[in-house]
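One-letter residues, chain by chain:
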Amino acid sequence: MNKIKLICIDVDGTLYNDDKNIPEENIRAIQKAHEKGIQIAITTGRMFNYGKLYGSLLGVPTLTIASNGAFVKYKDQILNHQSISSTDLPFMISAVKDSGLFAHYNAWNTLLCEGDLGDGNGYVKANGLLPDGDQIEMIVTEDLEKSLRDTGNILKAIVFSKGAQEALLKLRKVFENHPTLQTVSSSKHNLEIFRKDVSKAVGIEKLMEHLGIRQEEVMAIGDEENDLPMISFAGLGIAMGNATQRVKDVASYITDTNNEAGVAKAIEKFCL
């Protein structure tokens, strides 16, 4: 008997292969799961409307758990919105500036950065695929602190190493004992900073409560450090074959890699 009612899927390194494409096997398996009444949630560190975009490529209705769980919306109802406090924001900005590294700061549908977009070309490309009214607002500013205050409800920062791994590790140590902020990596080239009480597991829980789904009816699939909470939380936590060892260690099952349609193989094994 099929007990899974909700599949939560990470994007980079999971749903997508290394060429940033969704394997056809993944699409077919997700569509079959949808036909069986299973709901699909794109569960990502990216902003909400980008989650909607990835979902639209699957050919079935999807839900979105965005910003590592800090923002969850079901239709027009906001289920979770955990923004960084006005007292923590200046500390975060100062720490990033002192590191000499470049960062994007995200509200639920706004990207802010200082000077230029930096590694933002992917965002520009994705914005071109979003319909009018759903596009992300991009603010490039010379006064970052003021722009962040004016925007309000900042959910996270994502800091890019640009090859400076030592600087990234040093920045991580700055937040090690912070009482209300945490850092995780969604790849070896970045560091994400957000509230300590935020996680993909929290976002899933908010969605579960709204849908009336139990923990044991949730399958979560991921590969990186920011996926650890949801892999541990879900009734069935699936690690990709390319996942970090820490993710594999907490998973119920290890599927194939993102280049071998590991998402499809997990869905076929446990849901179809």
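Please refer to the structure higher up on the page.
A. Representation of the sheet that holds strand E10 (residues 181-184). Within the open sheet, the 6 strands sit side by side as E8-E7-E6-E9-E11-E10. Their pairing is mixed. Strands with a single pairing partner mark the edges of an open sheet, and in this sheet they are strand E8 (137-141) and E10. Strand-to-strand, the axes of this sheet are offset by a mean angle of 20°, without reference to chain direction. Here strand E9 (residues 156-160) runs beside strand E11 (residues 190-195); their pairing, made up of 4 bridges, is antiparallel. Among the inter-strand pairings, Ile-158 is bridged to a residue of E11, identified as Glu-192. Together, strand E6 (102-106), strand E7 (110-114), E9, E10 and E11 form the strand contacts of helix H4 (residues 88-99), whose direction differs from that of E6 by roughly 155°.

B. How the structure looks around the nonpolar core. Core analysis: the biggest nonpolar cluster contains 65 residues, and Ile-7, Leu-207, Met-219, Ile-221 and Ile-267 have the highest contact counts within it. Ignoring anything within four residues of it in the chain, the contact list for Ile-221 reads Ile-7, Cys-8, Ile-9, Asp-10, Thr-14, Met-230, Ile-231, Ile-238, Met-240, Val-263 and Ala-266. If you look at the next biggest cluster of nonpolar residues, it comprises 22 residues, including Leu-101, Tyr-105, Ala-157 and Leu-171.

C. Local environment of the environment of Ile-22. By the secondary structure assignment, Ile-22 is in the loop between helix H1 (11-15) and helix H2 (24-35). As for Ile-22 and Asp-12, which are separated by 10 residues in sequence, their C-alpha atoms are 9.9 Å apart. Ignoring sequence-local partners within four residues, the contact set of Ile-22 consists of Leu-15, Tyr-16, Ile-27, Tyr-54, Leu-57 and Leu-58.

D. The pairing of E6, seen in detail. The element E6 is largely enclosed, with a buried count of 5 among its 5 residues. Along E6, one buried face is formed by Phe-102, His-104 and Asn-106 and the opposite face, lined by Ala-103 and Tyr-105, is buried too. Across 2 bridges, the pairing between E6 and E7 is antiparallel. Each residue of the ladder has a partner; that of Tyr-105, found in E7, is Leu-112. Between the antiparallel neighbours E6 and E7 lie 3 residues.

E. Geometry of the environment of Arg-195. By secondary structure assignment, the location of Arg-195 is in strand E11. Here Arg-195 falls in the partly exposed class, since its relative accessible area comes to 22%. When the C-alpha atoms of Arg-195 and Leu-272 are compared, they prove to be 37 Å apart, with 77 residues separating the residues in sequence. Beyond its immediate sequence surroundings of up to four residues, Arg-195 is in contact with Gln-82, Ser-83, Ile-84, Thr-180, Leu-181 and Gln-182. At 2.8 Å, the side chain of Arg-195 forms a polar contact with the side chain of Asp-197.

F. Region of interest: the pattern of salt bridges. Overall, the coordinates contain 17 salt bridges when judged by the stated rule. Residue Lys-156 pairs with Glu-192 through a salt bridge whose shortest N-O separation is 2.6 Å. Of this pair, Lys-156 sits in strand E9 while Glu-192 is found in strand E11, placing the two residues 36 residues apart along the sequence. In terms of burial, Lys-156 and Glu-192 fall into one category: buried. Here the salt bridges share partners, and the residues they tie into one network are Lys-5, Arg-214, Glu-216 and Glu-217.

Reading the values: rules and limits
In this numbering scheme, every chain counts its residues from 1 along its sequence in written order. Two thresholds apply to this predicted model, a pLDDT of at least 70 for residue-level local features and 80 or more for giving and counting side-chain atom pairs, whereas whole-chain, interface and lining totals are computed over all residues. Side-chain figures throughout are based on the complete set of non-hydrogen atoms in the structure, without hydrogens or water. Any two strands are treated as partners once DSSP identifies two or more bridges connecting them. Strands here mean DSSP runs of E at least two residues long; helices mean DSSP runs of H or I at least four residues long; both are numbered from the N terminus. Lines fitted to C-alpha atoms define the axes here, with helix axes fitted over just the stretch in contact, and angles between the N-to-C directions of these axes take values from 0 to 180 degrees. The criterion used for residue contact is that any of the two residues' heavy atoms lie within 4.5 Å. The set of buried Ala, Val, Leu, Ile, Met, Phe, Trp, Tyr and Cys residues whose side-chain atoms join them within 4.5 Å is what this entry labels a nonpolar core. Each residue is placed in one exposure class: buried if its accessible area under a 1.4 Å probe, protein chains only, is under 20% of its type's maximum, exposed if it is over 50%, and partly exposed if it falls in between. In protein, a polar contact requires one atom able to donate a hydrogen and another able to accept it; more generally it is a pair of N or O atoms within 3.5 Å, and residues adjacent in sequence count only if both atoms are side-chain atoms. One speaks of a salt bridge when a side-chain nitrogen belonging to Lys or Arg is within 4 Å of a carboxyl oxygen belonging to Asp or Glu.

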